Amino acid sequence: MSSWLGGLGSGFGQSLGQVGGSLASLTGQISNFTKDMLMEGTEEVEELPNSGRKEIEAIHAVLRSENERLKKLCMDLEEKHEASELQIKQQSTSYRNQLQQKEVEISHLKARQIALQDQLQKLQSAAQSVNSGAGGVPATSASSSFSYGISHHASAFHDDMDFGDVISSQQEINRLSNEVARLESEVGHWRHIAQNSKAQGSNSSDQSEICKLQNIIKELKENRSQEIDNHQHEMSVLQNAHQQKLTEISRRHREELSDYEERIEELENLLQQGGSGITVTDHSKIHEMEKTIQDLQTEKVASTKKIEGLEDKIKDINKKLSSAENDRDVLRMEQEHLKVENRQIIEECEHLKLECSKLQPYALKQSDAVTERERILPQITPAEDEVIRLQQALSDAENEIMRLSNLNQDSSLAEDNLKLKMHVQVLEKENTLLIQEKEKLQISLLKLNDEYEVVKSTATRDPDLDSELHDLRLNLEAKEQELNQSISEKEILIAELEELDKQNQEATKHMILIKDQLSKQQSEGDSIISKLKKDLSDEKKRVHQLEDDKMHITKKLDMKKEKLIQSELVINDLHLTKQKLEDKVKDLVDQLNKSQKSDIDIKKENFELKEHIQQNEKELSRVRDELTQSLNRDSDSNFKDDLLKVREAEVRNLKQSLSEIEQLNDSLNKVAFDFKVENEKLVIACEDVRHQLQESIAGNNQIFLEKNTMMEALKMEKGQLEAELCQAEKRLLEEANKYEQTIEELTNSHNLSTSALQLEHECLIKLSQEKDSEIAELKKNIEQMDIDNKETRKILSSSLEEQKQLTQLINEKEIFIEKLEERSSELQEELNKYTQALRKNEVLKQTIEEKDRSLGSMKEENNHLKEELERLKEQQSRAAPVAEPKTLDSITELESEVSQLNIIKDNLEKEVKHHQKVIDDQNHSKMQLLQSLQEQKKEMEEFKCQHEQMNVTHTQLFLEKDEEIKNLQKTIEQIKTQLHEERQDVENSDIFQETKVQSLSIENGSEKHDLSKAETERLVKGIKEREMEIKLLNEKNIFLTKKIDQLSKDEVGKLTQIIQQKDLEIQALHARISSPSYPQDVVYLQQQLQAYAMEREQVLAVLSEKTRENSHLKTEYHKMMDIVAAKEAALIKLQDENKKLSTRFESAGQDMFRETVQNLSRIIREKDIEIDALSQKCQTLLTVLQTSNTGNEVGSVNSNQFEELLQERDKLKQQVKKMEEWKQQVMTTVQNMQHESAQLQEELHQLQAQVLVDSDNNSKLQVDYTGLIQSYEKNETKLKNFGQELAQVQHSIGQLCNTKDLLLGKLDIISPQLSTGSLLTSQSAESHRTVKPDLSSESSKQEIDELRKSLHEKDATIRTLKENNHRLSDSIVATSELERKEHEQTDSEIKQLREKQDVLQKSLKEKDLLIKAKSDQLLSLNENLTNKVNENELLRQAVTNLKERILILEMDACKLKGENEKIVETTREKQTEYQALQETNMKFSMMLREKEFECHSMKEKALAFEQLLKEKEQGKTGELNQLLNAVKSMQEKTVIFQQERDQVMLALKQKQMENSAVQNEVQHLRDKEVRLNQELERLRNHLLESEDSYTREALAAEEREAKLRKKVTMLEEKLISSSNAMENASHQASLQVESLQEQLNVVSKQRDETVLQLSVSQEQVKQYALSLSNLQMVLEHFQQEEKAMYSAEVGKHKQLVAEWKKKAENLEGKLVSLQERLDEANAALDSASRLTEQLDLKEEQIEELQKQNELREEMLDDVQKKLMNLVNSTEGKVDKVLMRNLFIGHFHTPKNQRHEVLRLMGSILGIKREEMEQLLNEGQGGVTRWMTGWLGGGSKSVPNTPLRPNQRSVLNSSFSELFVKFLETESHPSIPPPKLSVHDMKPLDSPGRRKLDTNISESFKDATESRSGRRTDVNPFLAPRSAAVPLINPAGLGPGGPGHLLLKPVSDVLPTFTPLPVSPDNSAGVVLKDLLKQ
């Protein structure tokens, strides 16, 4: 990472070196970052306090806010950038549109050009038609007029155009210019033809055609002038636009410069402010932050390491603590003894005090006795002395106690120290008290002395006190005895104390050592452990609480969810019922609608019926009226009666119908009513349903609200919990980081192991596949070998003589091999010795490491001792002066101990050095031994290879000889035998494949097994040996393939020989047919035909067999492919499973790590992408800056690019900040990586070694595999070729048969013809004799002629056939003789060979059997190997699977245990809660009972009081009191009894609860035990089974190994016998052996090289280690350099700011000057336009003159015709007119054809041709010298311009050039005239230009030059002095100019006519010539 970032930094530094100081900081920061990265591995800083961490966190927060602000800024800038990009796109689209317009114009111009070409073609045809060459008019094409326009492609003002577009346009321009040049050359050619025709003087030109041509020319000229004008107009427009754009750009640039200056000033101010330390984004603060973060990280790492160390130390300390505690107990006991003694002494002192106090009154009493007092005086003084002594003893004892307490302080731990200090303080207090008492005693003694003196004086007065004195003496003696006893006791105590001192000193020595190790470590460890334990316990409690809360919450949530689900179900049911009801309602509504419709219909009908009834009633009334009338009229009329009856009948009918209708109506009404009722019911039901729904919704809402409130409450709780969790996590994180590293290391190691296993697994699978392929190829090779063996028998005959020599050689080799074997055994013994030495080395290493550790600990102890010494010194200085000598003693003792320890350390260091030397020597010897071993191994391998090669060559030679003999005997049988053998081989291969498949299936079956490491090592060795064998076999294969190629060539040669023989036989047949012995030949031919048919059938049979075999092989190949595919599929499956398992296993510990790694990788990728983008931008900026720097002289720097630069600088600054943040992230990961790197490096070394071996093997196997595949393909192609050749042979046989049939047919035809021919000849002869010649007709003659011809032909053919026959017969005779001789020789040889053959065949058969057995054994061994390998892989897989399963099971078990524990805890908590509730309940019940009891008692008291009152009233107070007392006592007893009962009840219930809990726990434990027992039994069974299987497999493997070894021994014996048998080998074999030896030497060299590489790599590793140490040293320098770098960078920034300001000022000045130059250039352009106008006028005049000239020429032609007559008369004379005409013609002719005119002149003057050529060759300028005289020296007043040194004389120049020269001399301006945009043009008369001039015709050039001059000449004497100001970049730019289009000079893009400055050495003529060239 660091190197990569460093590289990036350097890249940035290089790319942005010219951009400025804005980017210089980035490189510095990146370099700082690399340095910081390197720093991490070495720095170890102690932990910072929490205050520092808080400050850092605060700073971090500030930085975050700043970062966010910067991000916002970045976003704004990006938006601005997008807007600017859109604007740029719009501009680019407009420019592209302009380009398209220009391209359209170009296409128009092209079209015009084509039209002009057509016209030119017409002119050419016209010129060709003029045979006499009258068309001498110079026909100029208009191509030149627009070639200019085309060449300057309008590709300007195109921002987005790439270089490619410019290049394409340039290519188009070049193409068009080439076309123009071609057309010009054509024009010149036609003009030349016209002039030639004119020179010849042909007079047959038509005036009309000339006029037409002249008109066409005029039109073309006019067109061209118009086009030129248009083009110039366009150019001026473009120039104006460009100027406008330039002014705009300059204005913008100024504005931006001013903005940037302001911005720079602001930045400077900010920088100054930042220097004062106000800004947050100050680099110093950031640097400090980074340092603090690094320090914290390093502290974290160190703390983790320390904790790990402490944990180890704690274990040691615990052990030591136990011993220290024992010592401490002992010391405590001693201390107690001392305390007891101290107490005794103090008591004695008190006794003495009491005695003294007693003595005082005695002394007062005995004051009268003088004589006795004289005696007493000497007795009191010793008593005082004794008191003093006792006091000194006391002080000594106190000091000793102090010392002991100090020692105890050292020995005991912190708590004991405190106690002892307390004791010491107490003792000190006591000491002070004793001192005070001593002083009091002294005072009292003084008083006694005074009293004694008084007694002395009064001694004379008191003689009666003798008795008292005697008593006093007795008392004194008693006291003296007591004193003596106390002194003796004191001496005993002192002795004991001395002994204790000794013991204490020993204890202190021991304790000092222990204490040094323990005091600090234990204190730190205890504090850390206690903190950790507290934190852990708190966090565990919190976690448990949180988990419980979580559980409760989850339970509540589940409950709520269930309720919700139930409510949802209810709602769903309600919805369903609602839908059903709605459906019913719909149905009912439909029915109602129907009923309503029917009601309406019925109503209508009713209405109609009512109307009808009304009508009927009306009729009835009318009828009644009539009837009444009629009755009144005629009562007796019967008729009316009848009518009445009828009417009545009708009325009845109507009434019945009415009644029916009314019934119907009633029924309908009822139905309608029912429907209405039902509808109302349904409506009510709907309303009920709605109410229910509303209620349910309301209920749901309430539930939802409750849930919401619950959720909010839960959220609140969750928030609180999260806050607590965050706090806990913060504490946990510190520990987690510590533990995570260990976990990561473990997981990494595990991953590595798993990955290694996977790699091994894959490698082994690959090996197995390669082995399978190799086996298949070996089979094929064996088949080929079988075929080759038969062919090798041919060579045996020649190699018999050389076999004896080879046998001798072999014997020598065998002797050599035996010697080598002996040597190898010796080497093995040496190896064993060295291995033992290595083991010893390792042991020594271990001891040295232990010594190093002990040294380290000793050093630490030494440091501790030094610290303690300092402490003791301080204590000495503080302690009383009495204790100083003893502390000095202890110090001296400690110093002596320190010196001893130093001596021990020196000795240990010496020992370490000695051991290191020994190890180095042993390593050196080991390396030498390894080298020697490798060399010997190589030699052994070489000899083995040689031996095997010899054997192989012998076998090959034998087989070749046998093959030759068989070929000589049988050629046809050979094919059959080969075919049979191939079939057998195919069958064998089938069998082998079947066995292989079986073995594969067996492998798949035996999956879940494991082998020990020893077996795997054996297998690896076996594999290596097999690989060696495979290599040898591959070499054999290569050799055999070569031989096969040779044999195939031989076979092809044989086939060609056979074909040639067949051809010869055909020729012989031809001869025989011609010969008389034809029928015999025919019979012979038939026999041959039959033989051929037989052969053909055989060949066909062979072919069919071959095809069958081929198809069989194909099927086998397909099967093999299927098997391989199946294997691959199985492999993929296994890999997938492995991956799944690994992901499962790793997901627990590695998810976080993976995520971090992925994030890091993503971040790194993003940074890479950003860096790439930045580097590209930097490159573009560099190029832009370079161009702007180069173009500063001219101006025109793009402001947009400048803006982009600054924007990118800002972006880069932001990115730098991002990088710094990212750096901090990366540093953490790097630290983790560094921890892992050590393990990884060790594993890497191992893996590298393995990989090297594997890669070598792999590469070799791949090479072999490719070789075998190629050989297989070659063989297949050969088979195909053979098949094709067989087909061809069959075809040729068929053709031969056909030719034979044809020949036979022809023979049959030819034989009768011959006979008829002979008869005809005889008849014709007779007829010639008899018949007269007159009779012979013409027809017969013709026939005879034809017959003769045919006869002659036949005779010729017969002759040729005879000659061929003779030749063939001669050759056959010769060959037959040779064959006979050869047969005789071969017979003799064959007899000899048969005898040898019999012997050889026997030996061969034996060898074949041996070879087959060996091949079978080889195959079986290979199979076994593959089986072993597969079994090994499978067993490894099984092991890994089992391990993973076990781990998974363990994880599951852990999880289950954790869950069980949680459940148990929850149940316990519940039980405790329940118990607590029960207890509270019981208490409440007790309280209730007590309250009730109190109530009862109160009531009883009240009653008692009432009685008392009554009794008081009555006067019975005494009895009442007694009763009250009795009541009270009873009440108290009852209360006590109730309390006791309640307590008993509570205790009972508690016991019951505890019993139930215990029973539950017992049951739970029993269940657990049962489960665990079951699992144990299962695991035991599984283990037993696995062990049985492993043991079985191991036994089977051992048996197999034994069998294989037996087989190997058998094979070796057989090999030895076969080598003895194969004593006959050829010279060729020896040569091959040499070649193989060379190859082996090459291989050995390669191996040596690899070994050297290994050693080199090891040295490199050492160098890397050294370089690491050097880097660590360098880092310190880097830190110092960084500070200097920062200061330097600040200075650079300031300097760069000043430079930018200066640059801005310079640019402003340059812009002003550029504007002035622009104005002057515009003025120059105006003058140029004037000049062009003048030139146009001049050109018109020239055209008029040319026309006149042409007319004059026509007149001259007429005159010439007239003069021809005169010329005839005057041949010798030279006419002036003729010479003048020739002279004029000379000047009119083009330059390259003038020599022809001169030759004409010479011929007229009579000069010889040779002389003329000499004159022409001498000087081409000689003719024009006198012309230059009057043109060049025309104006004598003006001096000639000086010529350049490289410029030739102006003699060769054209007329127009001379005219220009004349103009120049006439004008000759003082200022050097301006130069147009011709920085690619060459100067005048440069060699390149001259070559061009020679190619183009002069007159054409004149015309073009004159026109171009007229168009583009700037009049130098009209231009002002300031015309030399450049608009475009100077001519010195050239191709290395600017790259950007807008920054390009205008001349590069547009055809401008602005003048340019010319170097003063260039003459003014150059400018005009350049104009002409344009």
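Within each chain, residue numbers correspond to sequence positions counted from 1 in written order. Per-residue local features of the predicted model are confined to residues with pLDDT of at least 70, and side-chain atom pairs are confined, for both listing and counting, to 80 or more; whole-chain, interface and lining totals are unaffected and use all residues. Water and hydrogen atoms were dropped before computing side-chain values, which therefore reflect all heavy atoms in the structure.

Engineer: Summarise the overall build of the protein; cite the residues concerned and give the values.
Structural biologist: Scanning the protein from N- to C-terminus turns up 29 helices and zero strands. Relative accessibility under 20% of the residue-type maximum defines a buried residue, over 50% an exposed one, and the middle range a partly exposed one, all with a 1.4 Å probe and only protein chains included. Evaluated residue by residue, the protein yields a buried proportion of 31% over its 1974 residues. Within the protein, contacts between residues separated by at least 24 positions form 91% of all contacts whose residues are at least 6 apart in sequence. In the structure as shown, the protein presents an accessible area of about 126,000 Å², 56% of it carried by carbon and sulfur atoms. Secondary structure elements follow DSSP: runs of H or I no shorter than four residues count as helices, runs of E no shorter than two count as strands, and numbering proceeds from the N terminus. Contacts were defined at the residue level, with two residues in contact if any of their heavy atoms lie within 4.5 Å. Methods summary: accessible areas were calculated by the Shrake-Rupley approach with a probe of 1.4 Å, and residue burial reflects only the protein chains presented.

Engineer: Give a detailed account of the pattern of salt bridges, specifying residues and quantitative values.
Structural biologist: Between Lys or Arg on one side and Asp or Glu on the other, a salt bridge is scored when a side-chain nitrogen of the former is within 4 Å of a carboxyl oxygen of the latter. Here the structure, examined in full by the defined rule, presents 30 salt bridges. One salt bridge in this structure joins E227 and R112, with 3.1 Å as the shortest N-O distance. Taken as a pair, E227 in helix α6 (residues 207-276) and R112 in helix α3 (residues 50-129) lie far apart in primary sequence, 115 residues in all. Relative accessible area serves as the criterion here: at 38%, R112 is assigned to the partly exposed category. Because the salt bridges share partners, they merge into one network encompassing R1489, R1541 and D1542.

Engineer: Let's hear about the packing of aromatic side chains: which residues, and what values?
Structural biologist: Centre distance within 6.5 Å is the pairing criterion for rings of Phe, Tyr and Trp, where only the six-membered ring of Trp is used; planes under 30 degrees apart are then read as stacked, over 60 as edge-to-face, and the remainder as tilted. Summed over the entire model, instances satisfying the criterion amount to two aromatic pairs. Geometrically, the ring pair formed by F1783 and F1787 is edge-to-face, given 4.8 Å between the ring centres and 75 degrees between the ring planes. In this pair, F1783 and F1787 are both assigned in helix α21 (residues 1776-1788), four residues apart and thus about one turn of the helix distant. A residue is classified by how much of its surface remains accessible, and F1783, at 26% relative accessible area, is partly exposed. Among the residues examined, F1787 registers a relative accessible area of 24% and is labelled partly exposed. Put simply, a charge is over a ring when the Lys NZ or the Arg CZ is close to the ring centre, within 6 Å, and near the line of the ring normal, within 35 degrees. Residue placement shows K780 over the ring face of Y1272; its charged tip is 3.1 Å from the ring centre. Directly above the ring of W1700 sits K1703, whose terminal nitrogen or CZ lies 4.9 Å from the centroid.

Engineer: I'd love a proper account of the side chain of N951, names of residues and values included.
Structural biologist: With respect to the helices, strands and loops of the structure, N951 is situated in helix α13 (residues 884-969). Looking at N951, the relative accessible area reads 10%, which means it is buried. Setting aside its immediate chain neighbours within four residues, N951 contacts L1615, S1619 and M1622.

Engineer: Let's hear about a nonpolar patch on the surface: which residues, and what values?
Structural biologist: Together, V1544, M1545 and L1548 make up a nonpolar patch on the protein surface, roughly 260 Å² of accessible area in all. Within the secondary structure, M1545 sits in helix α19 (residues 1517-1621). Residue M1545 is classed as partly exposed on the basis of its relative accessible area of 35%. Distance thresholds for patches are 9 Å for like charges and 5 Å for nonpolar side chains (Val, Leu, Ile, Met, Phe, Trp, Tyr), applied to residues having over 30% relative accessible area and no salt bridge.

Engineer: Explain the environment of I1616 to me, and be specific about the residues and the numbers.
Structural biologist: Looking at where I1616 falls in the secondary structure, it is placed in helix α19. The partly exposed category is assigned to I1616, whose relative accessible area is 49%. Considered as a pair, I1616 and N951 are 665 residues apart in the sequence and their alpha carbons are 9.6 Å apart.

Engineer: Explain the confidence of the model for the protein to me, and be specific about the residues and the numbers.
Structural biologist: The quantity called pLDDT is the predictor's confidence in a given residue, expressed from 0 to 100. Scored by pLDDT, the protein has a mean of 78; 78% of the residues are at 70 or more. Segment residues 1329-1333: pLDDT under 50, and one contact once partners within four positions in sequence are set aside and those in other chains are kept.

Engineer: Lay out the packing of helix α22 (residues 1794-1805) against helix α23 (residues 1809-1818) with the relevant residues and their values.
Structural biologist: Running from amino to carboxyl end, α22 crosses α23 at an angle of 140 degrees, the nearest separation of the two axes being 10 Å. As summarised for this structure, α22 and α23 are arranged oblique, according to the angle between their axes. As for the relative orientation of α22 and α23, their crossing is right-handed in sense. Across from H1795, L1798, R1799 and G1802 in α22, the residues of α23 making contact are M1812, E1813 and L1816. Classifying every residue of the contact of α22 with α23 gives three nonpolar, two polar and two charged. Here the axes come from fitting lines to C-alpha atoms, over the contacting stretch only for helices, and the angles between their N-to-C directions go from 0 to 180 degrees. To sort the angles, those under 35 degrees are grouped as roughly parallel, those over 145 as roughly antiparallel, those from 65 to 115 as roughly perpendicular, and the leftovers as oblique. The handedness criterion is simple: a crossing whose near helix is rotated anticlockwise from the far helix by less than a right angle is left-handed, and one whose near helix is rotated clockwise is right-handed. When residues are sorted by character, Ala, Val, Leu, Ile, Met, Phe, Trp, Tyr, Cys and Pro go into the nonpolar class, Asp, Glu, Lys and Arg into the charged class, and all the rest, Gly among them, into the polar class.

Engineer: Can you lay out the packing of α21 against α22 for me, pointing to particular residues and giving the numbers?
Structural biologist: Across the interface, α21 lies against α22 with an axial gap of 9 Å and an inter-helix angle of 165 degrees. It follows from the interaxial angle that α21 and α22 lie roughly antiparallel. As α21 packs across α22, the resulting crossing turns out to be left-handed. In contact with L1778, M1779, L1782, G1785, H1786 and F1787 of α21, α22 contributes R1794, V1797, L1798, L1800, M1801, I1804 and L1805. Along the lines of polarity and charge, the residues of the contact of α21 with α22 split into 10 nonpolar, two polar and one charged.

Engineer: Break down helix α18 (residues 1338-1514) for me, citing the residues and quoting the values.
Structural biologist: The terminal C-alpha atoms of α18, which comprises 177 residues, lie only 212 Å apart, well short of the 264 Å expected from a rise of 1.5 Å per residue. Of all the bends found along α18, the most pronounced is centred on Q1397 and spans about 25 degrees. Expected helix span is computed as 1.5 Å times (number of residues minus one). The bend reported for a residue corresponds to the angle between axes fitted to the seven residues ending at that residue and the seven starting there.

Engineer: I'd like a rundown of a negative patch on the surface, residues and numbers included.
Structural biologist: Together, E818, E821, E822, E826, E829, E830, E1612 and E1613 line one region of the surface with negative charge. Contributions of two or more residues to the negative patch are made by α12 (800-878) and α19. The greatest single-element share of the negative patch, amounting to six residues, is contributed by α12. In this structure, E822 sits in helix α12. E822 gets classed as exposed once you look at its relative accessible area, which sits at 51%. Think of it this way: Lys and Arg go in the positive column, Asp and Glu in the negative one, and His and the chain ends go nowhere. By convention, charge coordinates are those of NZ in Lys, CZ in Arg, CG in Asp, or CD in Glu.

Engineer: Account for the environment of H510, with residues named and values stated.
Structural biologist: Inspection of the secondary structure assignment puts H510 in helix α10 (residues 466-633). We classify H510 as partly exposed; its relative accessible area is 42%. Between the C-alpha atoms of H510 and A324, which are 186 residues apart in sequence, the distance is 9.7 Å.

Engineer: Can you lay out α21 for me, pointing to particular residues and giving the numbers?
Structural biologist: Taking 1.5 Å of rise per residue, 13 residues should cover 18 Å, and α21 covers 18 Å from first to last C-alpha, within 8% of that figure. Buried within α21 we find N1781, L1782 and H1786. Within α21, the buried residues cover an arc of 140 degrees as seen down the axis, which keeps them to one side. Those residues of α21 that are buried are in contact with α20 (1627-1769) and α22. The directions from the helix axis to the C-beta atoms are what the arc is built from.

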